[in-house]
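# Remarks on the overall topology
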Amino acid sequence: MLSLDPVSLLVTLPIILLSLAFHEFSHAYVAVQLGDRTPKWAGRLTLNPLAHLDPVGTIVLVITGRYGWAKPVPINPGNFRDRDAGTVMVSLAGPLSNLVLAVALGLVFKAVYGPGLGLSDRALFVLTAINEGVWINLGLAAFNLLPVPPLDGSKIVASLVRGRAAQIYYQLEQYSYMILLLIVATPLARWILGPIILTLYRAIM
(Lines give C-alpha, C1' and ligand atoms only; values in the text may rest on other atoms or scores of the structure.)
Protein backbone atom coordinates (compact mmCIF):
# COMPACT_ATOMS: atom_id res chain seq x y z
CA MET A 1 0.00 0.00 0.00
CA LEU A 2 1.24 3.47 -0.85
CA SER A 3 1.89 6.02 1.83
CA LEU A 4 -0.82 8.67 1.77
CA ASP A 5 1.64 11.18 3.17
CA PRO A 6 1.35 14.33 0.99
CA VAL A 7 5.09 14.43 0.25
CA SER A 8 5.15 10.78 -0.79
CA LEU A 9 2.10 11.25 -2.98
CA LEU A 10 3.73 14.27 -4.62
CA VAL A 11 6.50 12.02 -5.94
CA THR A 12 4.51 8.83 -6.53
CA LEU A 13 1.31 10.23 -8.04
CA PRO A 14 3.04 11.32 -11.29
CA ILE A 15 4.28 7.73 -11.70
CA ILE A 16 0.72 6.44 -11.21
CA LEU A 17 -0.65 8.88 -13.78
CA LEU A 18 2.13 8.08 -16.27
CA SER A 19 1.61 4.34 -15.81
CA LEU A 20 -2.14 4.53 -16.40
CA ALA A 21 -1.77 6.89 -19.37
CA PHE A 22 0.94 4.73 -21.00
CA HIS A 23 -1.24 1.64 -20.49
CA GLU A 24 -4.27 3.16 -22.23
CA PHE A 25 -2.24 4.90 -24.94
CA SER A 26 -0.75 1.51 -25.84
CA HIS A 27 -4.24 0.05 -26.29
CA ALA A 28 -5.18 2.96 -28.53
CA TYR A 29 -1.95 2.88 -30.53
CA VAL A 30 -2.15 -0.83 -31.32
CA ALA A 31 -5.84 -0.54 -32.28
CA VAL A 32 -5.06 2.29 -34.71
CA GLN A 33 -2.12 0.35 -36.17
CA LEU A 34 -4.46 -2.60 -36.76
CA GLY A 35 -6.88 -0.43 -38.71
CA ASP A 36 -9.35 0.85 -36.12
CA ARG A 37 -9.30 4.64 -35.74
CA THR A 38 -12.03 4.64 -33.07
CA PRO A 39 -9.58 5.38 -30.21
CA LYS A 40 -8.19 8.36 -32.11
CA TRP A 41 -11.65 9.76 -32.78
CA ALA A 42 -12.45 9.27 -29.08
CA GLY A 43 -9.41 11.31 -28.06
CA ARG A 44 -7.63 8.36 -26.48
CA LEU A 45 -4.50 8.31 -28.67
CA THR A 46 -2.73 10.52 -26.15
CA LEU A 47 -0.46 10.33 -23.10
CA ASN A 48 -2.56 12.94 -21.31
CA PRO A 49 -3.72 11.15 -18.13
CA LEU A 50 -6.90 13.23 -17.95
CA ALA A 51 -8.17 11.51 -21.10
CA HIS A 52 -7.91 8.07 -19.49
CA LEU A 53 -8.64 8.30 -15.77
CA ASP A 54 -11.43 6.32 -14.19
CA PRO A 55 -12.17 7.94 -10.79
CA VAL A 56 -12.81 4.67 -8.95
CA GLY A 57 -9.91 2.81 -10.55
CA THR A 58 -7.48 5.66 -9.84
CA ILE A 59 -8.53 5.96 -6.21
CA VAL A 60 -8.16 2.19 -5.76
CA LEU A 61 -4.65 2.37 -7.25
CA VAL A 62 -3.63 5.25 -4.97
CA ILE A 63 -4.93 3.40 -1.91
CA THR A 64 -3.60 -0.07 -2.73
CA GLY A 65 -0.42 1.03 -4.49
CA ARG A 66 -0.65 -2.00 -6.80
CA TYR A 67 -4.06 -2.52 -8.35
CA GLY A 68 -6.23 -0.19 -10.39
CA TRP A 69 -7.68 0.56 -13.79
CA ALA A 70 -8.52 3.38 -16.19
CA LYS A 71 -11.39 3.99 -18.61
CA PRO A 72 -11.47 1.28 -21.27
CA VAL A 73 -10.35 2.50 -24.68
CA PRO A 74 -13.27 2.21 -27.13
CA ILE A 75 -12.53 0.01 -30.12
CA ASN A 76 -14.52 -1.41 -33.03
CA PRO A 77 -13.24 -4.97 -33.59
CA GLY A 78 -15.09 -5.01 -36.91
CA ASN A 79 -12.33 -2.81 -38.27
CA PHE A 80 -9.66 -5.44 -37.61
CA ARG A 81 -8.68 -7.89 -40.34
CA ASP A 82 -9.11 -10.66 -37.77
CA ARG A 83 -11.66 -9.58 -35.17
CA ASP A 84 -10.63 -11.91 -32.35
CA ALA A 85 -6.87 -11.74 -32.92
CA GLY A 86 -7.02 -7.95 -33.11
CA THR A 87 -8.98 -7.72 -29.87
CA VAL A 88 -6.49 -9.96 -28.08
CA MET A 89 -3.53 -7.95 -29.38
CA VAL A 90 -5.07 -4.64 -28.30
CA SER A 91 -5.96 -6.07 -24.89
CA LEU A 92 -2.44 -7.40 -24.30
CA ALA A 93 -0.86 -4.08 -25.30
CA GLY A 94 -1.76 -2.37 -22.01
CA PRO A 95 -0.31 -4.93 -19.58
CA LEU A 96 2.76 -5.37 -21.79
CA SER A 97 3.35 -1.61 -21.77
CA ASN A 98 3.39 -1.68 -17.97
CA LEU A 99 5.93 -4.50 -18.02
CA VAL A 100 8.11 -2.43 -20.35
CA LEU A 101 7.78 0.59 -18.06
CA ALA A 102 8.64 -1.54 -15.01
CA VAL A 103 11.80 -2.79 -16.72
CA ALA A 104 12.74 0.77 -17.77
CA LEU A 105 12.30 2.07 -14.22
CA GLY A 106 14.32 -0.86 -12.92
CA LEU A 107 17.18 0.01 -15.26
CA VAL A 108 17.09 3.65 -14.10
CA PHE A 109 17.16 2.49 -10.49
CA LYS A 110 20.17 0.26 -11.08
CA ALA A 111 22.00 2.96 -13.04
CA VAL A 112 21.60 5.54 -10.29
CA TYR A 113 21.91 3.30 -7.26
CA GLY A 114 25.37 1.96 -8.02
CA PRO A 115 27.48 0.10 -5.47
CA GLY A 116 29.26 2.45 -3.11
CA LEU A 117 27.68 5.51 -4.67
CA GLY A 118 26.94 8.22 -2.11
CA LEU A 119 23.45 9.63 -2.50
CA SER A 120 21.69 12.51 -0.82
CA ASP A 121 18.50 11.99 1.14
CA ARG A 122 16.57 13.62 -1.70
CA ALA A 123 18.07 11.23 -4.26
CA LEU A 124 17.26 8.25 -2.05
CA PHE A 125 13.69 9.50 -1.77
CA VAL A 126 13.39 9.67 -5.56
CA LEU A 127 14.88 6.18 -5.87
CA THR A 128 12.28 4.94 -3.43
CA ALA A 129 9.60 6.43 -5.67
CA ILE A 130 11.15 4.76 -8.74
CA ASN A 131 11.21 1.45 -6.91
CA GLU A 132 7.56 1.95 -6.03
CA GLY A 133 6.94 2.66 -9.71
CA VAL A 134 8.27 -0.79 -10.56
CA TRP A 135 5.82 -2.34 -8.10
CA ILE A 136 2.94 -0.20 -9.43
CA ASN A 137 3.54 -1.19 -13.04
CA LEU A 138 3.92 -4.87 -12.25
CA GLY A 139 0.71 -4.68 -10.24
CA LEU A 140 -1.12 -2.97 -13.10
CA ALA A 141 0.13 -5.55 -15.60
CA ALA A 142 -0.92 -8.53 -13.49
CA PHE A 143 -4.18 -7.05 -12.20
CA ASN A 144 -5.42 -5.99 -15.63
CA LEU A 145 -5.03 -9.53 -16.94
CA LEU A 146 -7.68 -10.78 -14.52
CA PRO A 147 -10.77 -11.95 -16.49
CA VAL A 148 -13.10 -9.41 -14.87
CA PRO A 149 -14.74 -6.60 -16.92
CA PRO A 150 -13.60 -3.97 -17.72
CA LEU A 151 -10.08 -5.33 -17.27
CA ASP A 152 -8.04 -6.44 -20.28
CA GLY A 153 -8.20 -10.09 -19.30
CA SER A 154 -11.97 -10.03 -19.74
CA LYS A 155 -11.67 -8.90 -23.36
CA ILE A 156 -9.21 -11.71 -24.07
CA VAL A 157 -11.57 -14.28 -22.56
CA ALA A 158 -14.55 -12.78 -24.40
CA SER A 159 -12.68 -13.21 -27.67
CA LEU A 160 -12.14 -16.90 -26.96
CA VAL A 161 -15.41 -18.17 -25.48
CA ARG A 162 -18.40 -19.06 -27.61
CA GLY A 163 -22.09 -19.96 -27.31
CA ARG A 164 -23.71 -20.32 -23.89
CA ALA A 165 -20.42 -19.70 -22.11
CA ALA A 166 -20.11 -16.34 -23.83
CA GLN A 167 -23.66 -15.34 -22.83
CA ILE A 168 -23.03 -16.20 -19.18
CA TYR A 169 -19.73 -14.35 -19.25
CA TYR A 170 -21.31 -11.19 -20.67
CA GLN A 171 -23.98 -11.31 -17.94
CA LEU A 172 -21.24 -11.06 -15.31
CA GLU A 173 -20.34 -7.59 -16.59
CA GLN A 174 -23.13 -5.97 -14.57
CA TYR A 175 -21.38 -7.15 -11.39
CA SER A 176 -17.88 -6.21 -12.52
CA TYR A 177 -17.25 -3.28 -10.17
CA MET A 178 -18.54 -5.24 -7.19
CA ILE A 179 -16.20 -8.11 -8.06
CA LEU A 180 -13.22 -5.78 -8.55
CA LEU A 181 -13.79 -4.00 -5.25
CA LEU A 182 -14.18 -7.37 -3.51
CA ILE A 183 -10.86 -8.52 -4.94
CA VAL A 184 -8.91 -5.42 -3.89
CA ALA A 185 -10.65 -5.02 -0.51
CA THR A 186 -9.84 -8.57 0.60
CA PRO A 187 -6.66 -10.67 0.57
CA LEU A 188 -7.74 -12.19 -2.77
CA ALA A 189 -5.56 -9.87 -4.84
CA ARG A 190 -2.53 -10.60 -2.68
CA TRP A 191 -3.13 -14.35 -2.77
CA ILE A 192 -3.73 -14.50 -6.52
CA LEU A 193 -1.32 -11.89 -7.85
CA GLY A 194 1.27 -11.47 -5.09
CA PRO A 195 3.50 -14.43 -6.08
CA ILE A 196 3.43 -13.40 -9.76
CA ILE A 197 4.32 -9.79 -9.02
CA LEU A 198 7.09 -10.77 -6.59
CA THR A 199 8.64 -13.17 -9.14
CA LEU A 200 8.64 -10.46 -11.81
CA TYR A 201 10.07 -7.88 -9.39
CA ARG A 202 12.95 -10.17 -8.46
CA ALA A 203 13.67 -10.82 -12.13
CA ILE A 204 13.81 -7.08 -12.90
CA MET A 205 15.55 -5.75 -9.80
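We now turn to the structure provided with this report. (Residues numbered from 1 in each chain as written. Predicted model: local features only at pLDDT ≥ 70, side-chain atom pairs only at ≥ 80, totals over all residues. Heavy atoms only, no water.)

What follows is about the overall build of the chain. Helix and strand content of the chain: nine helices and zero strands. Looking at the chain residue by residue over its 205 residues, the buried ones come to 44%. Long-range contacts, defined here as pairs at least 24 residues apart, represent 74% of the contacts in the chain between residues at least 6 apart. Per element, the accessible surface of the chain, about 10,800 Å² overall, is 69% carbon and sulfur. (Helix = DSSP H or I, 4+ residues; strand = E, 2+ residues; numbered from the N terminus. Buried < 20%, exposed > 50% of the residue type's maximum accessible area, 1.4 Å probe, protein only. Contact = heavy atoms within 4.5 Å. Areas by Shrake-Rupley, 256 points an atom, 1.4 Å probe, with all protein chains shown as cover.)

Looking now at the environment of Ala158. Looking at the secondary structure, you find Ala158 in helix α6 (residues 152-160). The sequence separation of Ala158 and Tyr169 amounts to eleven residues, and the corresponding C-alpha distance is 7.5 Å. Contact partners of Ala158, with chain neighbours within four places excluded, come to Tyr169 and Tyr170.

What follows is about the side chain of His52. With respect to the helices and strands, the residue His52 is situated in the loop between α2 (38-41) and α3 (55-64). The class for His52 is buried, based on a relative accessible area of 0%. For His52, the side chain forms a polar contact with the side chain of Arg44, separated by 2.9 Å. Not counting residues within four places of it along the chain, the set of residues in contact with His52 comprises Ala21, Glu24, Phe25, Arg44, Thr46, Ala70 and Lys71. (Polar contact = N/O pair within 3.5 Å; in protein donor to acceptor, adjacent residues only side chain to side chain.)

Where empty space is left can be seen by rolling a probe of water-molecule size over the atoms. In the structure shown here, the tally under the stated rule is one cavity of 30 Å³ or more. Put simply, the largest cavity is a space of about 130 Å³. Forming the boundary of the largest cavity are 16 residues, of which His27, Pro72, Val73, Asp152 and Lys155 lie nearest the centre. For the lining of the largest cavity, the secondary-structure elements that each account for two or more residues are α1 (6-33), α4 (83-112) and α6. Of the residues forming the lining of the largest cavity, the biggest block, three residues, is contributed by α1. Here the residues of the lining of the largest cavity sort into eight nonpolar, four polar and four charged. (1 Å grid on protein atoms, 1.4 Å probe; cavity = no way out; pocket = protein on both sides within 12 Å on 5 of 7 lines; lining within 4 Å. Points joined across faces, edges and corners; volume = space filled by probe spheres on them. Nonpolar A, V, L, I, M, F, W, Y, C, P; charged D, E, K, R; others polar.)

This next bit is on the pattern of salt bridges. What the rule picks out here adds up to one salt bridge. Arg44 serves as the salt-bridge partner of Glu24, at 3.8 Å between the closest nitrogen and oxygen. Of this pair, Glu24 sits in helix α1 while Arg44 sits in the loop between α2 and α3, and the two are 20 residues apart along the sequence. For the pair Glu24 and Arg44, a shared accessibility class is recorded, and that class is buried. (Salt bridge = Lys/Arg side-chain N within 4 Å of Asp/Glu carboxyl O.)

In this section: the packing of aromatic side chains. Inspection of the entire model under this criterion finds two aromatic pairs. Their ring planes at 10° and their centres at 4.0 Å tell us that Trp135 and Tyr201 sit as a pair that is stacked. Taken as a pair, Trp135 in helix α5 (residues 121-143) and Tyr201 in helix α9 (residues 188-204) lie far apart in primary sequence, 66 residues in all. Across the pair, exposure class does not vary: Trp135 and Tyr201 are buried alike. (Phe/Tyr/Trp six-rings, centres within 6.5 Å; stacked < 30°, edge-to-face > 60°.)

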